[in-house]
Amino acid sequence: LVAERAIPTDWGERGDILVTIDHAIWRVTSSGERHLVARPDSGSGHSFGGARFLPGDRDVVFTFNARDGGQAPNSVALVSIDKGTVTRLGIEGRIVDVANGFLLVGQQGTLVAYPLSATSRSVTGPPVPLVEGVQQSGAGISAAASHEGTLVFGSGGFGRRTELVAVNRQGQERPLSDPRLFS
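My aim in this report is to walk through the structure given alongside it, one point at a time. (Residues numbered from 1 in each chain as written. Predicted model: local features only at pLDDT ≥ 70, side-chain atom pairs only at ≥ 80, totals over all residues. Heavy atoms only, no water.)

### Thoughts on the sheet that holds strand β6 (residues 59-65)
And step 1. With antiparallel pairing, four strands are arranged side by side in an open sheet as β5-β6-β7-β8. Of all the strands in the sheet, the pair left with one neighbour each is β5 (47-53) and β8 (86-92). Strand-to-strand twist across the sheet, computed as the mean angle between neighbouring axes with direction ignored, equals 30°.
And step 2. Pairing geometry for β5 and β6, over five bridges, is antiparallel. The partner of G49 across the bridge, within β6, is T63. (Pairing = 2+ DSSP bridges. Helix = DSSP H or I, 4+ residues; strand = E, 2+ residues; numbered from the N terminus. Axes fitted to C-alpha atoms, helices over the stretch in contact; angles between N-to-C directions.)

### What to know about the environment of A77
And step 1. Mapped onto the elements, A77 comes out in strand β7 (residues 75-80).
And step 2. Residues A77 and T87, ten residues apart in the sequence, show an inter-C-alpha distance of 5.5 Å.
And step 3. In this view, A77 contacts V60, V61, F62, V86, T87, R88 and L89; residues no more than four positions away in its chain are not counted. (Contact = heavy atoms within 4.5 Å.)

### Some remarks on the packing of aromatic side chains
And step 1. Inspection of every chain in the model, using the stated rule, returns two aromatic pairs.
And step 2. Centre to centre, the rings of F48 and F62 are 4.5 Å apart; their planes meet at 45°, and the pair counts as tilted. Of the two residues, F48 is situated in strand β5 and F62 in strand β6; the sequence distance between them amounts to 14 residues. For the pair F48 and F62, a shared accessibility class is recorded, and that class is buried.
And step 3. Classification of F48 by relative accessible area gives buried; the value is 5%.
And step 4. The lysine or arginine in question, R34, covers the ring of W26, its NZ or CZ lying 5.1 Å from the ring centre.
And step 5. Between the NZ or CZ atom of R88 and the centre of the ring of F64, over which it lies, the distance is 3.8 Å. (Phe/Tyr/Trp six-rings, centres within 6.5 Å; stacked < 30°, edge-to-face > 60°. Buried < 20%, exposed > 50% of the residue type's maximum accessible area, 1.4 Å probe, protein only. Lys NZ or Arg CZ within 6 Å of the ring centre and 35° of its normal.)

### Re the pattern of salt bridges
When the charged atoms of two side chains with opposite charge come close together, those side chains can pair.
And step 1. In total, this model carries five salt bridges according to the counting rule given.
And step 2. Note that R27 is salt-bridged to D16, the shortest N-O span being 3.0 Å. Of the two residues, R27 is situated in strand β3 (residues 24-28) and D16 in the loop between β1 (6-11) and β2 (17-21); the sequence distance between them amounts to eleven residues. Each member of the pair, R27 as well as D16, is classed as buried.
And step 3. Taking the shortest distance from any N to any O, the salt bridge between R58 and D82 comes out at 2.8 Å. In this pair, R58 sits in the loop between β5 and β6 while D82 sits in the loop between β7 and β8, placing the two residues 24 residues apart along the sequence.
And step 4. Residue classification places R58 among the partly exposed residues on the basis of a relative accessible area of 37%.
And step 5. Owing to a relative accessible area of 52%, D82 belongs among the exposed residues under this scheme. (Salt bridge = Lys/Arg side-chain N within 4 Å of Asp/Glu carboxyl O.)

Coordinates in, geometry out; function isn't part of it.
What follows is the structure in structure tokens.
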């Protein structure tokens, strides 16, 4: 796939890739076929981004970017690949990832986990704040997770000296490399 401003966002279980092109979400199959997943209404000024497959690759969660001069917050939505129906989930913030049954969302510098049922396509419980002070820019939040739940994130502001560390469940940090590599 060759396109200006194409941003790959996720790789599915079946080898399909989600790509954002011109504010719309596309699925590219392993054979190279392109299929439109979701596009904002023409003239709405909205854009879609940060798309992630839910387990089974039948549904996609994404950030619904509001474009009304910053008055409305960004929110999380879900689209069925088969039906094309978009459902707003009532969650403010930007999608970060889907991991281990949770939807990870960046909300004003805090990474929050929402329990999510891929079967019912809905949030099934209250949000759980995971970490505060995560790097955030206009384009998103600096965090990612593996499907098993391993989390990596940037803390503090951009342009500051950082260090790559592993943190265990007790909150103890262990440096992973020379901090001069991340200044």
